[in-house]
Amino acid sequence: MAKNTNIRISLPAVCFVWQIAMIILFGVFIRYDEESDTHWIEHRRKKNISTNLENDFYYRYPSFQDVHVMIFVGFGFLMTFLKRYSFGGVGFNFLIAAFGIQWALLMQGWFHHLDEHDWKIKIGVENLINADFCVASCLIAYGACLGKVSPVQLMVLTLFGVTLFAVEEYIILELLHAKDAGGSMVIHTFGAYYGLTISWVLYRPLLSQSKHLQGSVYHSDVFAMIGTLFLWMYWPSFNSAIADHGDGQHRAVINTYLALASSVLTTFAISSISQNNGKLDMVHIQNATLAGGVAMGTASEFMITPYGSLIVGFCSGIVSTFGYLFLTPFMEKTLKIQDTCGIHNLHAMPGVIGGIVGAITAASASESVYGQEGLINTFDFKDAVANRTVNIQGGYQAAALFVAIAFGLVGGALVGGILKLPIWGDPADVNCFDDDIFIVLSFCINNVSTIKKWKKI
Amino acid sequence: MAKNTNIRISLPAVCFVWQIAMIILFGVFIRYDEESDTHWIEHRRKKNISTNLENDFYYRYPSFQDVHVMIFVGFGFLMTFLKRYSFGGVGFNFLIAAFGIQWALLMQGWFHHLDEHDWKIKIGVENLINADFCVASCLIAYGACLGKVSPVQLMVLTLFGVTLFAVEEYIILELLHAKDAGGSMVIHTFGAYYGLTISWVLYRPLLSQSKHLQGSVYHSDVFAMIGTLFLWMYWPSFNSAIADHGDGQHRAVINTYLALASSVLTTFAISSISQNNGKLDMVHIQNATLAGGVAMGTASEFMITPYGSLIVGFCSGIVSTFGYLFLTPFMEKTLKIQDTCGIHNLHAMPGVIGGIVGAITAASASESVYGQEGLINTFDFKDAVANRTVNIQGGYQAAALFVAIAFGLVGGALVGGILKLPIWGDPADVNCFDDDIFIVLSFCINNVSTIKKWKKI
Amino acid sequence: MAKNTNIRISLPAVCFVWQIAMIILFGVFIRYDEESDTHWIEHRRKKNISTNLENDFYYRYPSFQDVHVMIFVGFGFLMTFLKRYSFGGVGFNFLIAAFGIQWALLMQGWFHHLDEHDWKIKIGVENLINADFCVASCLIAYGACLGKVSPVQLMVLTLFGVTLFAVEEYIILELLHAKDAGGSMVIHTFGAYYGLTISWVLYRPLLSQSKHLQGSVYHSDVFAMIGTLFLWMYWPSFNSAIADHGDGQHRAVINTYLALASSVLTTFAISSISQNNGKLDMVHIQNATLAGGVAMGTASEFMITPYGSLIVGFCSGIVSTFGYLFLTPFMEKTLKIQDTCGIHNLHAMPGVIGGIVGAITAASASESVYGQEGLINTFDFKDAVANRTVNIQGGYQAAALFVAIAFGLVGGALVGGILKLPIWGDPADVNCFDDDIFIVLSFCINNVSTIKKWKKI
């Protein structure tokens, strides 16, 4: 059955209405914070800050740029592996991330940074990082739906995804006072279950009609390696970007670097053992090698020790690759979940591992290892939670994991229901995994007349 | 008519002569500045600088590297979209940028950094950033000529482009004392009109003979997205790289980040509305999404407010996409300007918008918003211009815009005339957009014998 | 003769055994250093460090990330140029780098950072950079063997390569007290001769059977430009990453930036002069443009002056391009060394040039140029070498170059002999340069059944 994929009204309408709404809401709510405002010089004098370098910009900006690259090039190019959906992968990723970061600045601002005096949200570089983080969860969810949805559906997915994320994050970080610097729970677990549930609601029984487009060609797989490598290389920045100044950021980088290195080796091992002649499967190399970074998200700031990080990467690489081998086919056949990029293997399972590792590491923290001040600083045992013990902290960490899963499942079911409405221009089964229905190629001059002739030569 | 594209004498001659000239001129004029010289430790003691971190290197280096990526990968890969000119795009970009940064260090040094005592130019990381900026204007100009000129012509274009840039920049920044941290006027407006005028002088009435090469293929369009995304992601670094330490850099990043996000949404909207079925045109996605960054260049340091930045991005995305739809074909047919990459839409118009926004924002600045010290710091109302008011500053900003346009037009006409001489090896109309006439593919071993056989399989 | 390339047992076995060994050895030896440990706050108080910014993390992290990109994307994509070995290039590079950095942390730790009190190695961000550096030498060696070895052989090559590197580095930096911030000798010269000797031992007389696969196709050459450009752009970070804080890092960046720019122009010149019609050879553009960075490795911290840097780049670009034109074919025919990527031209010769330049520059250093303190700081004339003169330093620099070459030759011969054993799954001559024997393409869903059908369409 042919579906109507004409989005000539709906996509521009959504883009314009939402962008205008952003402008109005930013006008009402968003202002520069004291470190990005021209009054910084007075602020410095008042707080006796000796140098401009103490501006948070210099602590955070290099990490911010790395995270930014992960969001747009990392996630974008990781989704270029399909032979006829490379543009769809990187292009729609670009669209929804650019929208999502604006909405995230507002949603996260309302929950975390609303000034009680003037009801404004004051933003600085840390807010930009957090907005990128928030959007990451929606891009993960996109991975499950890649090739099967229209850009309008993705905009809706992102609008609700960011909204749900902000609430979930508020509960986990503020109410439960759980720690999650790299977002194993908040970003990866939530995002993955959100996407998987949406994909389950949108199940397409006849998707095999576009089976011939579900694979890669040689060069599309090389493009995907660009995404893989930029995610892999910059993951230490992801997990340390909003960690504590000083030893916190430093330690998060070391732990993540090691976990990632370890998961590369176990991924290659399991991938090789699973094929005739020990051939490596590019889909494993592209994805499961990143599992160590996901699994190190929660505990990256903790004193998990270097060998502890290696163990986390070791296990998550194995689990993730086995997921691609056995769980993805099982989920499609039995659970009716079509997971294009295998986000269950790359984000859901390693994210849960990360949450569990975080809970255990927190519960087993001690003053003898952390030092008295170190323990307080690392877990922020101050103010309302000044008397919390590490055991209780471990319990709250575990609770946070369930909150993330629950938000993903319930939120995904709701949003999946909305996306099932036949008004969003989603493609017919036979047109899935072909971005031709949404995109035309570039021509600088006279771009209309010769399109037909030269398309996809 | 077959043209002689043999550059076996001219290209090596130009490269050698100019590189040797650079060595001699550097020998005479260029030295390390006090922050990159081994006497830094004595300088520190004398100036009572407490830590090595106060070396400007730590303020600027991360931004410098981001700008460097924009120049070589950003501009380079943005020009890979043509099906048979991907090497020509990225390779010649590499050549002229590498030459241009050397010449820029000299030209900018003579105008801005010549030490009055010893007649030496003292360079540090900020000079490297400025050299990259200067070269950007020539790479923009290359965009209009892509596929239609020889590498020797590009070297000439760059030699004169850098020279003109340095004079124009001196007039705008030093004489008019206009502010232009991200170079909307100095870099983008000048570079675009410089390139467009050259393209007008070099008009090829029979260019349609190579029409079949003027489009993209699927993978060349994906390569171009690498350029787009690295430009888009690092543009906040571009606009903040030489902004004031502290709040200046911080604010420039926030403003640019927001303007870019906003222009993505309006670009997608206009692109979709312009095609049957709402399909997106890759050339818009690759280019117009960047218009927000260009348009935020001048005002990035100012207190334009976050929603102001969104509005700037909103408008420039629309204007730029409309340019690709209507203005580029119009300019080619009526004005005889063949603009391969559409730099009029991506750089000229958003650059002019940026200049106007800068003038308005400067003229409407106030002590109540900026604070007394903030106003002085932001606009550098010191020394000779200590008594300048914001209204007068606005006037000078507007004047600067006209200077940039005038330099582009007049300089482009002159250099275009030089490039029209039949000695530079430019290709015949039928050979345009095919880098085959200038480049052979890689073979590691025995690279000559089998070239014919395997070329461009 | 068909060879057995089944690595279904050997590759997983090597990965698992070595990764488990890493975990055990890290458990015994590796701990956080005082700047990445939660006791940092106490350390700060004890040492009277006023701000978190004095944590070495903020001096080194941006450079570390740039180096990290060079190792994984730079070296990886530089090796994608072969038409049928793009995955093999980038994928195996990924595997061996991820293993190598772990082993390097141990090896370098034992030699340089072993705490005498508790026999632990304390790691921080500088160790991560050094591990990346160490791995670079093995990736260089891989370049000579590209397409002719199995991943198991590469793991063995890396295990021994890292081991040899750590010893060689110890002799050069600690015993000889030579300076080599960017590793012209320690990394490039050693790595290149190590790889070339291995390639000599593994000489394949019938390699011409796979001659039809030894070239590039259009898009694989564009992929290789990604590698080239990220190496080129970030090389200033490579040469400055572990230089002295302050002026040392600052000066290393300027010197490297200039040398690289200069070698681009001479590479284009020589490449153009060598072909009919002055066409450029992509293999030169991809490789010889980087020679300036290699040759500036040793002297990057010294007061070589900006024009001195240009001269170094000028010469190394010429030498490297001539190497590709004449030396690589000569070496294959006469010396029986098959050097797939031409590492002799990109790393060996420029590395030797770098070592010589370093020796001369050191020997000609003077207090009048460096200042008294500057001279001591730059060459670390402290403790055991407090009385060393610059002339003697120059002699030790020259000695270091011979150590690097000797380690490369002897180590390569030994390891080549090990790799010649017929147990590692190396491909037959006819299967060289085709990664099809080790890798299958990506399929997200049902990835086994349709592989045959869609492979490499």
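Residues numbered from 1 in each chain as written. Chains lettered and ligands numbered in written order. Predicted model: local features only at pLDDT ≥ 70, side-chain atom pairs only at ≥ 80, totals over all residues. Heavy atoms only, no water.

How would you explain the overall build of chain A if you had to name every residue and give the values?
Within chain A one finds 17 helices and four strands. Its C-alpha atoms give chain A principal-axis dimensions of roughly 65 × 55 × 40 Å. Residues counted as buried form 72% of the 457 residues belonging to chain A. Carbon and sulfur atoms make up 63% of the accessible area of chain A, which totals about 13,000 Å². Separation between the mean location of the 27 positive side-chain charges and that of the 33 negative ones in chain A comes to 12 Å. (Helix = DSSP H or I, 4+ residues; strand = E, 2+ residues; numbered from the N terminus. Buried < 20%, exposed > 50% of the residue type's maximum accessible area, 1.4 Å probe, protein only. Areas by Shrake-Rupley, 256 points an atom, 1.4 Å probe, with all protein chains shown as cover. Lys, Arg positive; Asp, Glu negative; His and termini not counted. Charge placed at Lys NZ, Arg CZ, Asp CG, Glu CD.)

Give a detailed account of the relation of the copies chain A and chain C, specifying residues and quantitative values.
Of the transformation superimposing chain A on chain C, the axial component is 0.0 Å and the angular component is 120°, with the fit at an RMSD of 0.0 Å. Expressed as a symmetry operation, the mapping of one chain copy onto the other fits a three-fold axis. Scanning chain A for the C-alpha nearest the rotation axis identifies A:Pro62, at a separation of 3.6 Å. Residue by residue, only 11% of the interface of chain A is reproduced at the interface of chain C, so the copies engage with different surfaces. (Least-squares fit on C-alpha atoms with pLDDT ≥ 70 in both. Contact = heavy atoms within 4.5 Å.)

Could you give me a rundown of the interface of chain A and chain C, with the residues and numbers involved?
By a frequent convention, interface size equals the accessible area lost on bringing the separate parts together. Taken together, the contact pairs 85 residues of chain A with 88 residues of chain C. For the pair chain A and chain C, the summed buried surface comes to about 7,700 Å²; carbon and sulfur atoms form 69% of the total. Broken down residue by residue, the surface that chain A buries against chain C is led by A:Tyr218, A:Tyr257 and A:Leu265, which jointly contribute 11%. Linking chain A with chain C are one salt bridge. For C:Arg45, the salt bridge is made with A:Glu373, and the minimal N-O distance between the two is 2.4 Å. Those elements giving two or more residues to the side of chain A that touches chain C turn out to be helix H3 (56–78), helix H8 (218–240), helix H9 (247–273), strand S3 (280–281), helix H10 (282–287), helix H12 (306–333), helix H14 (367–370) and helix H15 (372–379) of chain A. Looking at the side of chain A that touches chain C residue by residue, the classes come out as 43 nonpolar, 31 polar and eleven charged. Where S3(A) lies against strand S4 (residues 439–440) of chain C, two bridges are found, and the strand directions are parallel. Across the sheet, A:Leu280 pairs through a bridge with C:Ile439, a residue of S4(C). (Buried area = accessible area lost by both parts, 1.4 Å probe. Salt bridge = Lys/Arg side-chain N within 4 Å of Asp/Glu carboxyl O. Nonpolar A, V, L, I, M, F, W, Y, C, P; charged D, E, K, R; others polar. Pairing = 2+ DSSP bridges.)

Please set out the confidence of the model for chain A residue by residue, giving values where relevant.
Residue and element names in this part refer to chain A. With 96% of its residues at a pLDDT of at least 70, chain A reaches an overall mean of 93. Scored below 50 in pLDDT, residues 444–457 shows 32 contacts in the model against residues more than four places distant or in partner chains. Complex prediction metrics read pTM 0.96 and ipTM 0.95. (pLDDT = per-residue confidence, 0-100.)

Give a detailed account of helix H3 (residues 56–78) of chain B, specifying residues and quantitative values.
All names here are of chain B. Between its first and last C-alpha, H3 extends 31 Å over 23 residues, near the 33 Å set by a 1.5 Å rise per residue. Along its length, H3 shows its largest kink, about 35°, at Met-70. Taking burial as the measure, the 23 residues of H3 include 23 buried ones, the bulk of the element. (Expected span 1.5 Å × (residues − 1). Bend = angle between axes of the 7 residues up to and from the residue.)

Give a description of the UniProt feature "domain: Ammonium transporter AmtB-like" (unreviewed entry) in chain A that names residues and reports values.
According to UniProt, the feature "domain: Ammonium transporter AmtB-like" (unreviewed entry) maps to residues 55–431 of chain A in the numbering used here. The span residues 55–431 of chain A shows a helical share of 71% and a strand share of 1%, and its end C-alpha atoms are spaced 51 Å apart. (UniProt positions renumbered as here; feature names shortened; annotations may be inferred.)

Describe the nonpolar core, naming the residues involved and giving the relevant values.
Residues A:Phe230, B:Phe230 and C:Phe230 are the most contacted members of the largest nonpolar core, which totals 487 residues. If we ignore the near neighbours within four places in the chain, the residues touching C:Phe230 are A:Phe230, B:Val69, B:Val73, B:Phe230, C:Val69, C:Met70 and C:Val73. (Core = buried A, V, L, I, M, F, W, Y, C linked by side-chain atoms within 4.5 Å.)

Can you tell me about the side chain of B:His177, naming the residues and giving the values?
All names here are of chain B. Structurally, His-177 is set in the loop between helix H6 (151–175) and helix H7 (184–201). Separated by 3.2 Å, the side chain of His-177 and the backbone oxygen of Asp-380 make a polar contact. The contact partners of His-177, leaving out residues within four places of it in the chain, are Ile-172, Phe-379, Asp-380, Val-385, Arg-388 and Gln-393. (Polar contact = N/O pair within 3.5 Å; in protein donor to acceptor, adjacent residues only side chain to side chain.)

Describe the interface of chain B and chain A, and please don't skip the residues or the numbers.
In this complex, chain B contributes 88 residues to the contact, which on the side of chain A involves 88 residues. At the junction of chain B with chain A, the criterion picks out one salt bridge. On inspection of chain B and its partner chain A, the count reaches 32 residue pairs in polar contact (both at pLDDT 80 or more).

Any chance you could break down unusual backbone geometry for me, citing the residues and the numbers?
Residue and element names in this part refer to chain B. The phi angle at Asn-48 is positive, at roughly 60°, despite the residue not being glycine. Topologically, Asn-48 is positioned in the loop between helix H2 (40–47) and H3. Phi is positive for Trp-119, which is not a glycine, with a value near 55°. As for its position among the elements, Trp-119 is in the loop between helix H4 (86–113) and strand S2 (121–123). The exposed category is assigned to Trp-119, whose relative accessible area is 56%.

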